[in-house]
Amino acid sequence: MDPNLVKDAKKYKDTMREHGYLTEVCALYDEYKELVKTLNYHCERYYHDDEAEISDFEYDMLNKKLKEIEAAHPEMISPDSPSQRVGWKATKGVLVQHRVPMLSLQDVFSKEDVDEFVNTVYLLSGSFGGINLEDISAPRCFEIEKRLQQICDVPVFHDDQHGTAIVTLAGLTNALKVVNKKIEEITVVVSGAGAAAIAITKLLLSAGIKEAIICDRKGAVYEGREGLNWVKSEMAQITNKNKVAGSLADVIKGADVFVGVSGPGVLTKEMVATMAKDAIIFACANPTPEIFPEEAKAGGARVVATGRSDYPNQVNNVLAFPGIFRGAFDVRAKDINDEMKLAAAQAIAGLISEDEVNEDYVIPSVLDPRVAKAVATAVAAAARKSGVARI
């Protein structure tokens, strides 16, 4: 197909359709745009916010169709396409293998049947030094990881949960230095109640945070709220101790930190203005964050991090899990526990010296060659100290 025709279709498709021209091009472009829109919507729910509305298999089929169109017509590729997301699998795979030689089995079998998935991974686990889970939606991911950890003799790690949590804690550790606040004295509001949000909240609590409030699409999660699934019910028992109800706009007032792993545009400049002085914002939705850094700073935020590489302070879990597995492998750890995760976060944060840390530099670059080795060393030491190392 002539690329110029596609460009013309984008610009003049309504006129062309009216006159009966380029019907095929217009129809294909319409299908592509709808796929991008649908996949981006489900991707936010799939990874960050709540239970998936479609199955993993249906999502994979839609994604396969998108890739087929983009492969056949690269001139159609939209910057909003999931394939253009920062940290897409291909990029992640290159970075991982550069740091830790690993074999990855992706999209080999169905993730719909939890029993079948767990049993298959268990049968394969004896041939591997560790298992890194990827792209499994909540709340299924929690059950799968827990069951595999119970039966496998090698460490099991769900990167979408814990990798993101570790890098977030590392960035927050340095951001608190910038604003001169103590971790045990701050209030954190987490937007999203999926895999990453739950793991981030748990790790922050382990690190010493006393007050955290999780918000899903229906507002603040608190003990006794109707309609909570089992994961949210468990989290309600350890967060939001005052049972604050209301929307994100309601509970964000006076908060020191916002952590977003939800969807684009959920936080506004006006909401940031109601937060505590020198607010810290981690807006990690990709490719469009909960709020862009410029808008967050206009609202009074002091430190802003996103999941994007075109802004300072990128939260990218590739900073965490290569070094975590390297450290776990080096001591033949049977588990990756909280002590090891906390050690990894401290190692990442520690790569930025007291003299270097500033509003735009609280998280090291994903290309920093020191990261994996520093994380591996810290994780191995924590594994020995906590009793999960075998050598």
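Above: the structure in question.
The rules behind each value
- Residues numbered from 1 in each chain as written.
- Predicted model: local features only at pLDDT ≥ 70, side-chain atom pairs only at ≥ 80, totals over all residues.
- Heavy atoms only, no water.
- Helix = DSSP H or I, 4+ residues; strand = E, 2+ residues; numbered from the N terminus.
- Buried < 20%, exposed > 50% of the residue type's maximum accessible area, 1.4 Å probe, protein only.
- Areas by Shrake-Rupley, 256 points an atom, 1.4 Å probe, with all protein chains shown as cover.
- Salt bridge = Lys/Arg side-chain N within 4 Å of Asp/Glu carboxyl O.
- Axes fitted to C-alpha atoms, helices over the stretch in contact; angles between N-to-C directions.
- Parallel < 35°, antiparallel > 145°, perpendicular 65-115°, else oblique.
- Left-handed = near helix turned anticlockwise from the far one by under 90°.
- Contact = heavy atoms within 4.5 Å.
- Nonpolar A, V, L, I, M, F, W, Y, C, P; charged D, E, K, R; others polar.
- Pairing = 2+ DSSP bridges.

Participant: For this particular structure, what's the right way to read the overall build of the protein?
Facilitator: Each helix and strand in the protein was counted, giving 15 helices and eight strands. Residues classed as buried in the protein amount to 53% of the 391 residues present. When the accessible surface of the protein is split by element, carbon and sulfur atoms take 51% of a total near 17,500 Å².

Participant: I would appreciate a short explanation of the pattern of salt bridges in the present structure.
Facilitator: Side chains carrying opposite charge are able to pair once their charged atoms draw close together. Applying the stated rule across the entire model yields 14 salt bridges. Lys177 serves as the salt-bridge partner of Glu354, at 3.5 Å between the closest nitrogen and oxygen. Here Glu354 is found in the loop between helix H14 (338–350) and helix H15 (371–386), whereas its partner Lys177 is found in helix H7 (residues 159–179), with 177 residues between them in sequence. Residue class for Glu354 comes out exposed when judged on its relative accessible area of 57%. One salt bridge in this structure joins Asp338 and Lys341, with 3.7 Å as the shortest N-O distance.

Participant: Got a minute to help me understand the packing of helix H13 (residues 321–330) against H15 in this structure?
Facilitator: Working note: a packed helix pair is described by the angle between its axes plus the distance between those axes. At their nearest, the axes of H13 and H15 sit 7 Å apart, and the two run at 45 degrees to each other. On the basis of the axis angle, H13 is oblique to H15. Every pair of crossing elements has a handedness; the one defined by H13 and H15 is right-handed. In contact with Gly323, Ile324, Arg326, Gly327 and Ala328 of H13, H15 contributes Ala372, Val375, Ala376, Val379 and Ala380. Counted by class, the contact of H13 with H15 contains seven nonpolar, two polar and one charged residues.

Participant: Would you explain the sheet that holds strand S4 (residues 211–216) in this entry?
Facilitator: Paired through backbone hydrogen bonds, the strands of a sheet run either parallel or antiparallel to each other. Taken in spatial order, the six strands line up as S5-S4-S3-S6-S7-S8 in an open sheet, and their pairing is mixed. Each edge of the open sheet is held by one strand with a lone partner, namely strand S5 (219–220) and strand S8 (301–306). With two bridges connecting them, S4 and S5 associate as antiparallel partners. In the strand pairing of S5, Cys215 is matched with Ala220. Sheet strands touched by H7: strand S6 (257–260), strand S7 (279–283) and S8. Its angle to S7, the strand with the most contacts, is close to 160 degrees.

Participant: What should I look at first to understand the side chain of Thr173 in this one?
Facilitator: Residue position: Thr173 is located in helix H7. Overall, Thr173 belongs to the buried group, its relative accessible area being 17%. Excluding anything up to four places from it in sequence, Thr173 contacts Gln346 and Ala349.

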